[in-house]
Amino acid sequence: MAGALTDPTRAPVAFGRRAVPQLFGELQRAGAAARLRALTSLCDLVHEPERLYQAVTGGFLKQLKVLFRDEDPSVRAKTCELLHLLTSHSIGRQAVLASSLLPPLCQLLDDSSFSCRRNVHRVLNRLALLPAGAEALLSLVPKLMLKLTKEEDEEVQLLLLSTLTHCSRLDALPGLASDGVSLLGRKLSHRSSNIRREAAAAMMALSVPMDGKRQVCEDAEVLPVLIGLLRDKDVEVQANAAGVIMSTVIITTGKQRCLDLDVLPVLLGLLSEKHGDDDKEEMKKRRKALIMYVLRALTSLAEAPNGRRLLLEQLPLVEKKAEAAEEDQDIRRATQTAIQVITWTP
Amino acid sequence: MQTSDHNCISNVACFSCQTLEQHGSLESYCMHLNELSSSCRTKRHYGNIMYDRRVVRGNTYAKHIIPTTAQPDPAEIRRQQANRRRAIARKQAREQFRPNTPEALEGRKHTDVQTELYLEELSNIIATTDIECQTDPFLDRPATPLFIPAKSGKDVETQIEEGELFDFDVEVQPVLEVLVGKTIEQSLLEVMEEEELACLKAQQRAFEELRNNELAEVQRLQEMERRHNEEKERRIAQQREVLRKEKEIAEKIAARAYTQQYLAGLLPAVFTSLRSHGYFYNPVEKDIETNFFPWLMDEVNNRVERRCTAREILDSKRHCYFILFVDDNPFF
């Protein structure tokens, strides 16, 4: 068979419908090296939706459970990679969730091999995109928080942070209970902008419930760092930081603290920032989020008397944004709301 | 044992085991019989088919056919026995009439004598000789010499020039097409998959941003509502407090006025009542009253009693002496 001759790292693949069942059968029978080859071939096949469907509905997922406990770390890593590919489709995700593969998978989080752990994190990340998956992963959140403090590698940290963000969007309480705010606060000053972005996004998800907002205000270091992040170079980091501030200033303590830390000029500066290449679609889209968050933050700040006073002075700046020149509906609506609140009198 | 007359080495047909074997000597045949005696029982049911009485030889037109029934009739049995008896009787009769050598006369004995020209030793013991034969040990066979047939025929040469077998450029095209096509197809699929994922991600992100926004707005409005409600509650509570306080003050004032009015006439009334109850008294008077008067009265009582007693005595004893009343009685 050509496969055996041309590529020694892959098992030969049967034709048509027999491909997937035969490879799974080989997984059961074969020795260690042959298992690795069969897994590699499976990973290649599963990119195609038809084969994925076959793999998922053929009831082969139980075999993967046995492979998790294999002695060879590369076999374990490959199995996780296979799972990662399976979860790229909705049926795959549902099947993984329904087949009780999660507990053995979570045990692999403490695996000795790095690539295995990384693949496990990838799988968890994909699973967290689905609401049912995020719900299933909620019980894991404390453990993931612990991992966040221990893991050094950037990619794994990124994956962890995004998984935590998705889980916290569903329900932020477990994350808050395991001291998420202070953990993420430390990550906010990381040197990599990806991590800063993800940490700020996670913080934004955590600050949605009241408890989170209070914690963000109480933690003395977080707010100044966030305001510092508003001046960051990366637009997404700025946007996420603005999002956190937006949710924090909803409560009165938040308003007071932010006004004390002199956040208004920064926000107004962000609003009126002009980019040389503003016509680029992508930049516009990214800035849209930033501008919307900033506007909402300003709206909330305007409910405080000092804030209102300061903003009344800057009203023309804000009104400019509400002009018809601004194409985006949402931004216009947001600016109008802001103006309404600023000019409200009791 | 049947032997032919000529040779010593012969085919021996052994009746006991009914096998046709070659025995070179008597010893070997005796050995054979010995082992047969030990295994005779097992071997008895093997029979040489040539010597089996049940096998019919020759033509079968007039042969006696064994009846199929296992049990022959009693009449048949009797007939067969009669036949046998008759055959024996006939044989015996024949033997009786065969001329035999007459018996030897008295004092004489018949002996066998050889009458040929040359006497021959007759004995049962067959003179046997053992002859052995053994091949020489084999020498290693030498390798066969390479057989090179003599050359025959004509020498012919040929040479393939370039371009005669096939044209590479033309032949390689379909192969190349397939290879390149498959590769590009695969990569297109992968790129499409990635694009799809990226699109989905972008859409998700846009949705998330909107959601966050709206969430923030909702929460802000919620907060505002809550604050307003709280403010209202506080104000209402404050008003209620104020009202309550005012009511309390009014009550206090009313109470004060009433008390003042009530207490105005209290003091003289009190004094009057006390005086009327006798709480204010002259101590000297009181003392005289409490201490002096009873004593006085007592004394008066005593005196009067004494006087009475005296009068009675006097009355009872009229002619008592008037001297009795000579005491210090200032009243008389």
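Predicted model only: the values in this text are computed from it and were never measured.

Trainee: Is there a simple way to think about the overall build of chain A in this case?
Mentor: The secondary structure content of chain A amounts to 24 helices and zero strands. Looking at the 346 residues of chain A, the share that counts as buried comes to 56%. Considering only contacts within chain A whose residues lie at least 6 apart along the sequence, 70% involve residues at least 24 apart. Per element, the accessible surface of chain A, about 15,300 Å² overall, is 53% carbon and sulfur.

Trainee: Would you explain the environment of P209(A) in this entry?
Mentor: Tracing the backbone shows P209(A) in the loop between α15 (193-206) and α16 (210-218). Along the backbone, P209(A) and T248(A) are 39 residues apart, and their C-alpha atoms lie at a distance of 9.9 Å.

Trainee: Can you help me understand the packing of helix α11 (residues 141-150) of chain A against helix α14 (residues 180-187) of chain A in this one?
Mentor: Packed helix pairs are characterised by how far apart their axes lie and by the angle those axes make with each other. Residues and elements named next belong to chain A. Two numbers describe how α11 lies on α14: the axes approach to 11 Å, and their chain directions differ by 30°. Considered as vectors, α11 and α14 are oriented roughly parallel to each other. Here α11 and α14 pass one another in a crossing that is left-handed. Residues M145, L148 and T149 of α11 touch α14, and the partners they reach there are G180, L183, L184 and K187.

Trainee: Just checking my understanding: could you explain the confidence of the model for chain B for this structure?
Mentor: If pLDDT is low for a region, its predicted coordinates should not be looked at in detail. Residue and element names in this part refer to chain B. Residue-level pLDDT values for chain B average 80, and 80% of them are 70 or greater. Within the model, the stretch residues 1-14 combines pLDDT values under 50 with 25 contacts to residues more than four positions away or in other chains. Scoring the predicted complex yields pTM 0.57 and, for the interface, ipTM 0.72.

Trainee: Looking at this structure, I do not really get unusual backbone geometry. What am I missing?
Mentor: Glycine aside, negative phi is the norm for most residues, and most peptide bonds take the trans geometry. Residues and elements named next belong to chain A. One non-glycine residue with positive phi stands out, namely S100, at about 55°. The topology assignment puts S100 in the loop between α7 (90-98) and α8 (102-107). Classification of S100 by relative accessible area gives partly exposed; the value is 40%. One non-glycine residue with positive phi stands out, namely D179, at about 60°.

Trainee: Where do I start with α14(A) in this structure?
Mentor: Three- or four-residue spacings in an α-helix give side chains the same orientation, since the helix completes a turn every 3.6 residues. All names here are of chain A. Burial analysis of α14 places six of its eight residues in the buried class, which makes it a mostly covered element. For α14, the complete set of buried residues consists of G180, V181, L183, L184, G185 and K187. Those residues of α14 that are buried are in contact with α11, α12 (154-170), α13 (173-177), α15, α16 and α17 (222-229).

Trainee: What is the right way to read a positive patch on the surface from this model?
Mentor: A cluster of basic residues, R85(B), R86(B), R90(B), K91(B), R94(B) and R98(B), forms a positive patch on the protein surface. Here R98(B) shows up in the loop between α2 (74-97) and α3 (168-264).

Trainee: What should I look at first to understand a nonpolar patch on the surface in this one?
Mentor: Where nonpolar side chains cluster on the molecular surface, the patch consists of V175(B), L176(B), L179(B), V180(B), I184(B) and L188(B) and spans about 540 Å² of accessible area. Position of L188(B) relative to the elements: it lies in helix α3.

Trainee: Teacher, can you tell me more about the interface of chain A and chain B here?
Mentor: For an interface, size is often stated in terms of accessible area lost upon the parts coming together. Counting residues at the interface gives 26 residues for chain A and 20 residues for chain B. Between chain A and chain B, a total of about 2,100 Å² is buried, with carbon and sulfur atoms accounting for 47% of that surface. Counting across the interface, chain A meets chain B through six salt bridges. Here R205(B) and E236(A) are joined by a salt bridge, their closest N and O atoms 2.9 Å apart. The tally of links between chain A and chain B comes to nine residue pairs in polar contact (both at pLDDT 80 or more). Contributions of two or more residues to the side of chain A that touches chain B are made by α16, α18 (235-248), α19 (252-260), α21 (281-301) and α24 (329-342) of chain A. The element best represented in the side of chain A that touches chain B is α21(A), accounting for seven residues. Grouping the constituent residues of the side of chain A that touches chain B by class yields twelve nonpolar, five polar and nine charged.

Trainee: What exactly am I supposed to notice about the environment of M246(A) here?
Mentor: If you trace the backbone, M246(A) turns up in helix α18. Assessed through its relative accessible area of 3%, M246(A) is described here as buried. Note: C-alpha distance between M246(A) and A297(A) (51 residues apart in sequence) is 4.2 Å. Among all residues touching M246(A), those that are not within four sequence positions of it are Y293(A), R296(A), A297(A), S300(A), N212(B), N213(B) and A216(B).

Trainee: Which parts of the structure should I look at to understand the side chain of S300(A)?
Mentor: Secondary-structure assignment places S300(A) in helix α21. Its relative accessible area of 2% is what places S300(A) among the buried residues. The residues contacting S300(A), other than those within four sequence positions of it, are M246(A), V249(A), I250(A), K255(A) and R220(B).

Trainee: Which parts of the structure should I look at to understand the pattern of salt bridges?
Mentor: Opposite charge on two side chains lets them pair, provided their charged atoms get close. Evaluated as defined, the whole model comprises 30 salt bridges over all chains. Residue E231(B) is joined to R234(B) by a salt bridge in which the shortest nitrogen-to-oxygen separation is 3.3 Å. Highlighted residues: E231(B) and R234(B), both in helix α3, separated by three residues, approximately one helical turn. Put simply, K255(A), R296(A), E303(A), E214(B), E217(B), R220(B) and R227(B) are held in one network by salt bridges that share partners.

Trainee: What's the story with the packing of aromatic side chains in this structure? I'm lost.
Mentor: How two aromatic rings sit relative to each other is given by the distance of their centres and the angle of their planes. Applying the stated rule across the entire model yields four aromatic pairs over all chains. Measuring from centroid to centroid gives 4.3 Å for F24(A) and F60(A), while their planes differ by 10°, and the two rings are stacked. Within this pair, whereas F24(A) is found in helix α2 (residues 19-29), its partner F60(A) is found in the loop between α4 (49-57) and α5 (61-68), the two being separated by 36 residues in sequence. F60(A) gets classed as buried once you look at its relative accessible area, which sits at 15%. The interplanar angle of 15° and the centroid separation of 6.2 Å between the aromatic rings of Y258(B) and Y262(B) together place this pair among those described as stacked. Of this pair, Y258(B) and Y262(B) both sit in helix α3, four residues apart, which is roughly one turn of that helix. Among the residues examined, Y258(B) registers a relative accessible area of 54% and is labelled exposed. For Y262(B), a relative accessible area of 55% gives the class exposed.

Definitions and cut-offs
- Residues numbered from 1 in each chain as written.
- Chains lettered and ligands numbered in written order.
- Predicted model: local features only at pLDDT ≥ 70, side-chain atom pairs only at ≥ 80, totals over all residues.
- Heavy atoms only, no water.
- Helix = DSSP H or I, 4+ residues; strand = E, 2+ residues; numbered from the N terminus.
- Buried < 20%, exposed > 50% of the residue type's maximum accessible area, 1.4 Å probe, protein only.
- Contact = heavy atoms within 4.5 Å.
- Areas by Shrake-Rupley, 256 points an atom, 1.4 Å probe, with all protein chains shown as cover.
- Axes fitted to C-alpha atoms, helices over the stretch in contact; angles between N-to-C directions.
- Parallel < 35°, antiparallel > 145°, perpendicular 65-115°, else oblique.
- Left-handed = near helix turned anticlockwise from the far one by under 90°.
- pLDDT = per-residue confidence, 0-100.
- Patch = residues over 30% accessible without salt bridge, like charges linked within 9 Å, V, L, I, M, F, W, Y side chains within 5 Å.
- Salt bridge = Lys/Arg side-chain N within 4 Å of Asp/Glu carboxyl O.
- Lys, Arg positive; Asp, Glu negative; His and termini not counted.
- Charge placed at Lys NZ, Arg CZ, Asp CG, Glu CD.
- Buried area = accessible area lost by both parts, 1.4 Å probe.
- Polar contact = N/O pair within 3.5 Å; in protein donor to acceptor, adjacent residues only side chain to side chain.
- Nonpolar A, V, L, I, M, F, W, Y, C, P; charged D, E, K, R; others polar.
- Phe/Tyr/Trp six-rings, centres within 6.5 Å; stacked < 30°, edge-to-face > 60°.

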